[in-house]
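# Per-entry structural report
One-letter residues, chain by chain:
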Amino acid sequence: MRIIFTLITFLMVGTSNATNSRDPHSFAVLDQVSTQHLYLDLSVDFQKKTLAGFAEHRLVWHNPKAQSLILDTKQLSIKKILYQGQNKSWYRTTYHLGASDPVFGQKLTISLPKQPERVRIYYQTSPEATGLQWLTPAQTAGKKYPFLFSQSQAIHGRSWIPIQDTPGMRLTYTARIHTPADLRAVMSADNTQNAEKDGDYMFHMPQPIPPYLIAIGVGNLHFKAMSQQTGIYAEKETLAAAVAEFSDTQIMIDEAETLYGPYAWGRYDLLILPPSFPFGGMENPRLSFITPTVIAGDKSLVNLIAHELAHSWSGNLVTNATWADLWLNEGFTSYVENRIMEAVFGPARAQMELALVSDWVRKSIQDIPLEKTSLKVNTQNKDPDDSFGAIPYGKGQLFLTYLEQQFGRKTFDIFLKNYFQTYQFQTMTSEHFTQYIQTQLLDKYPGRMTEKELHEWVYGQGLPETTPDVTSPAFTKVQEQIDHWVAQKITTSQIKSNHWSVHEWLYFIENLPETLTLEQVKQLDNRYQFTTTQNAEIAWAWFSRTIPLQYTQANTSLATYMQRIGRMRFIVPLYKLLNQYGQRELALEIYRKSRLGYHPIAQHGLDRVLKI
Ligand SMILES: [Zn+2]
């Protein structure tokens, strides 16, 4: 998933009654019984905002004494549960739903003393399911048809499928999805690109995936191919712009394969979601879910595609065993993303993107409680949505950048390629990775890095002394302009900003001095019209600077921006700033108008931020 540049620290929870010692965020007990294959038969009801039908689990029993199957559920209404007997007939069995926890949901214990191979749970989701967003036609680009999409990571899959909801297991799945006849369903599986719309769709995902990668989207979707292997699903209104913006996707795959070995998933398509999608992207296998806020018209934000594609190796192929090891997914992915960007767009741009990450980590780490600044984190009793931020993404990326520097690019590339190949379709813990790196790099190439340094990076707090100091020659020039302008050696109209890229503009805005005055903000806006920019990143960076100065001329644009976009990385910090800098009334007014258009995950977080 891509959310970076803000730390989401609002979903603290009390105690959990999760029992699995291996994954504190799941009730599943994997050493008793696990699901090998899942079959879903679900009907999509836009009126009721529900999915209803059944989930059939094909089980593998690991303990001959086990008598029950424990699944994670959240807000599900269970109708009945059947198991298949030896004679292939189906029989009812009893079950028990435990107490409901707002984050972890309910433990579903199904009594199965005969250890059957198949069990079917008939159920219906809640309109408030945290893993689903139901959009009215007005909330879509086309305004005529409703839209549904899922977001299962980290532990929201259980709100639409009763399942062992832990990244520590893998399963294959098939699904039959019934929708209104004029809509198309797509899943993280083998989509039929131009299948006739008939409201009845079949899917198959033959490669074993962790449950958080099961995904569905339903809407007035059209498809356009970008190459034999890649294409885009989107509403008609967004399709052409998306195809133009992401036309380098095939080149990205080719470059990634050269670096890290074959792409394991067959097709790679993108699903462009409406702007309320709470994240930048989600790496659902074969079909990344993408925010339309990166369609900037100039490919300036396509590192998001490189990021989601990179997950095809780090995350989807080699998966963090629990959410405490999130950095193994996101830090690796951020590093691989940057390598893909370098291969496709050249070193200057990649260096700028890495320098922005480095700045972001160094700035944001000051506001993160020290105990939350290690790569391996303690997530016991905490909402794993809390863990996504500068540490797993940015510090993780800087660690891999450091390894590359110490061992040399050639050696480190071979190491990573072997790592992905050795552990493909498996899970990984920080402990296991530390052992692997010890034998594959530290022992083989003595004198480059000590065991102490390795442990400091993975388990230590803050940034190690060895953290690479990343600079970009392009940013050095931008900084000169800022310095001259602040020292009044040049006027606003004399700032040499010709041919600056989006990255240089971002650096410029983010590095304007703390002493910035309202008058200076007005001068800059008069010259550059930042307030009305159509680039979502630049707008965000700009509003982040203007809110503390109460630059009220930007309020109309700010409100429009926050109402239109549901991406949490943008809106959560803006609400926080409004709240913090004396504009709580404005924050509440915008939120009242926008709340229902936001994803349940965003609503939940913002309710806490604004304490309503
Ligand atoms: Zn990611």
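Residues numbered from 1 in each chain as written. Predicted model: local features only at pLDDT ≥ 70, side-chain atom pairs only at ≥ 80, totals over all residues. Heavy atoms only, no water.

### Here we look at the overall build of the protein
Formally: Strands are runs of DSSP state E lasting at least 2 residues, helices are runs of H or I lasting at least 4, and numbering of each runs from the N terminus. To get the radius of gyration, use the C-alpha atoms; to get the globule rule, take the number of residues to the power 0.38 and multiply by 2.2 Å. Per-residue accessibility, obtained with a 1.4 Å probe over protein chains only, is compared with the maximum for each type, and a residue is labelled buried under 20%, exposed over 50%, and partly exposed between these values. By definition in these notes, contact holds between two residues if any of their heavy atoms fall within 4.5 Å.
From N to C terminus, the protein includes 17 helices and 21 strands. A compact globule built from 612 residues should have a C-alpha radius of gyration of about 25 Å, and the protein, at 24 Å, falls within 12% of that. The C-alpha extent of the protein, read off along each of the three principal axes, is 85 × 60 × 50 Å. Residues counted as buried form 62% of the 612 residues belonging to the protein. When contacts within the protein are restricted to residue pairs at least 6 apart in sequence, long-range pairs at least 24 apart make up 73% of them.

### Considerations on the environment of Leu 356
Structurally, the position occupied by Leu 356 is in helix α5 (residues 347-364). For Leu 356 and Phe 475, which are 119 residues apart along the polypeptide, the C-alpha to C-alpha distance reads 9.5 Å.

### Notes on the confidence of the model for the protein
Caution applies to low-pLDDT regions: their predicted coordinates should not be interpreted in detail. For clarity, the threshold we go by: What pLDDT reports is the predictor's confidence in each residue, on a scale of 0 through 100.
The pLDDT averaged across the protein works out to 95; a share of 97% of its residues lies at or above 70. Confidence drops under a pLDDT of 50 for residues 4-20, and excluding neighbours within four residues, the segment shows 63 contacts in the predicted structure.

### Focus on the domain arrangement of the protein
Note: interface size is frequently given as the accessible area lost on complex formation between the parts. Heads up, the rule is: Here the limits of each domain have been adopted from an automatic or database domain assignment.
Split by domain assignment, the protein resolves into domain 1 (2-220), domain 2 (323-459) and domain 3 (514-609). One C-alpha centre belongs to domain 1, the other to domain 3; they are set 35 Å apart.

### A word on the pattern of salt bridges
Defined as follows: Take a side-chain nitrogen of Lys or Arg and a carboxyl oxygen of Asp or Glu: if they are within 4 Å of each other, that pair is a salt bridge.
According to the stated counting rule, one finds 17 salt bridges in the structure shown. With a shortest N-O distance of 2.9 Å, Arg 267 and Asp 269 are connected by a salt bridge. Of the charged contacts in the structure, one is a salt bridge between Lys 376 and Glu 431, with a shortest N-O distance of 3.4 Å. Here Lys 376 is found in the loop between α5 and α6 (390-407), whereas its partner Glu 431 is found in helix α8 (residues 430-442), with 55 residues between them in sequence. Exposure remark for Glu 431: the relative accessible area of 36% places this residue in the partly exposed category. When salt bridges that share partners are traced, they join Arg 339, Glu 342, Glu 404, Arg 409 and Asp 413 into one network.

### Some details on the pairing of strand β10 (residues 147-150)
Counted only if it meets this: For two strands to pair, DSSP has to find at least two bridges joining them.
Here β10 shows no split at all, with Phe 147 and Phe 149 on one side and Leu 148 and Ser 150 on the other all buried. Bridge count for strand β9 (residues 132-135) against β10 is 4 bridges, and the pairing is antiparallel. Bridging from a neighbouring strand, Leu 135 pairs with Phe 147 of β10. Where β10 meets strand β14 (residues 216-219), 2 bridges bridge the pair, whose relative direction is antiparallel.

### A few points about the environment of Arg 527
This is how the line gets drawn: Between N or O atoms, a polar contact is any pair within 3.5 Å; within protein, one atom must be a potential hydrogen donor and the other a potential acceptor, and residues adjacent in sequence are included only when both atoms are from side chains.
Turning to its location among the elements, Arg 527 is positioned in helix α12 (residues 518-528). In this structure, the C-alpha to C-alpha distance between Arg 527 and Thr 492, residues 35 residues apart in sequence, is 7.6 Å. When near neighbours in sequence (up to four residues on either side) are disregarded, Arg 527 contacts Thr 492, Ser 493, Gln 494, Ile 495 and Ser 497. For Arg 527, the side chain forms a polar contact with the main-chain oxygen of Ser 493, separated by 3.3 Å.

### Considerations on the sheet that holds strand β16 (residues 230-235)
Pairing is mixed in the open sheet, where 5 strands are placed in the order β15-β16-β17-β19-β18. The sheet is open, and its two borders are formed by β15 (221-225) and β18 (281-282), each paired with just one other strand. As paired elements, strand β17 (residues 268-272) and strand β19 (residues 287-290) share 4 bridges and run parallel to each other. Paired with Ile 272 across the bridge in β19 is Ile 290.

### Observations regarding the packing of helix α13 (residues 536-546) against helix α15 (residues 568-580)
As a reminder, the rule being used: Axis definition: a line fitted to C-alpha atoms, limited for helices to the stretch in contact. Angles are taken between N-to-C directions and run from 0 to 180 degrees. These descriptions rest on fixed angle ranges, namely under 35 degrees for roughly parallel, over 145 for roughly antiparallel, 65 to 115 for roughly perpendicular, and the rest for oblique. Here is the rule for handedness: rotate from the far helix to the near one, and if that takes an anticlockwise turn smaller than a right angle the crossing is left-handed, while a clockwise turn gives right-handed. Throughout this entry, Asp, Glu, Lys and Arg are counted as charged residues, while Ala, Val, Leu, Ile, Met, Phe, Trp, Tyr, Cys and Pro are counted as nonpolar. The remaining residues, Gly among them, count as polar.
Interaxial distance between α13 and α15 falls to 10 Å at its minimum, and their mutual angle equals 15 degrees. Relative to α15, α13 is oriented roughly parallel. Viewed along their axes, α13 and α15 form a crossing whose handedness is left-handed. Each of Ala 536, Glu 537, Trp 540, Phe 543 and Ser 544 in α13 lies in contact with α15, whose residues at this interface are Arg 569, Phe 570, Pro 573, Leu 574 and Leu 577. For the contact of α13 with α15, a count of residues per class yields 7 nonpolar, 1 polar and 2 charged.

### As for the packing of aromatic side chains
For clarity, the threshold we go by: Between rings of Phe, Tyr and Trp, where Trp is taken as its six-membered ring, a pair exists when centres lie within 6.5 Å; planes separated by under 30 degrees are stacked, by over 60 edge-to-face, and by other angles tilted.
For the structure shown, the criterion picks out 47 aromatic pairs. For the pair Tyr 260 and Phe 420, a centre-to-centre distance of 5.8 Å together with 90 degrees between the ring planes defines the contact as edge-to-face. Residue Tyr 260 is located in helix α2 (residues 249-260), and its partner Phe 420 is located in helix α7 (residues 409-422); the two are separated by 160 residues in the primary sequence. Taking the centre distance of 5.7 Å and the plane angle of 25 degrees together, the rings of Tyr 402 and Trp 457 count as stacked. Of this pair, Tyr 402 sits in helix α6 while Trp 457 sits in helix α9 (residues 451-459), and the two are 55 residues apart along the sequence.

### Concerning the sheet that holds strand β12 (residues 184-187)
A sheet is described by the order of its strands in space; here 4 strands give the open sequence β9-β10-β14-β12, paired in antiparallel fashion. Of all the strands in the sheet, just β9 and β12 have a single pairing partner and so form its edges. Taken pair by pair, the neighbouring strands of this sheet meet at an average axis angle of 10 degrees, ignoring direction.

### Here we look at the nonpolar core
Put simply, the rule reads: We call a set of buried residues a nonpolar core when its members are Ala, Val, Leu, Ile, Met, Phe, Trp, Tyr or Cys and they connect through side-chain atoms within 4.5 Å of each other.
Core analysis: the largest hydrophobic core is formed by 199 residues, its most contacted members being Met 187, Phe 399 and Phe 508. Residues in contact with Met 187, not counting those within four places in the same chain, are Leu 40, Trp 160, Tyr 173, Ala 175, Ile 177, Phe 203, Ile 214, Ala 215, Ile 216 and Leu 287.

### Here we look at the side chain of His 37
Tracing the sequence through the fold places His 37 in strand β1 (residues 33-45). Residue His 37 is classed as buried on the basis of its relative accessible area of 10%. Looking at His 37, its side chain comes within polar contact range of the side chain of Thr 174, at 3.0 Å. Among residues more than four places away in sequence, those in contact with His 37 are Glu 56, His 57, Arg 58, Thr 172, Tyr 173 and Thr 174.

### Some words on the side chain of Thr 125
Among the structural elements, Thr 125 can be located in the loop between β8 (118-124) and β9. A distance of 2.8 Å separates a polar atom in the side chain of Thr 125 from the backbone nitrogen of Leu 51. Excluding anything up to four places from it in sequence, Thr 125 contacts Lys 49, Thr 50, Leu 51, Gln 75, Leu 76, Leu 132, Ser 159 and Trp 160.

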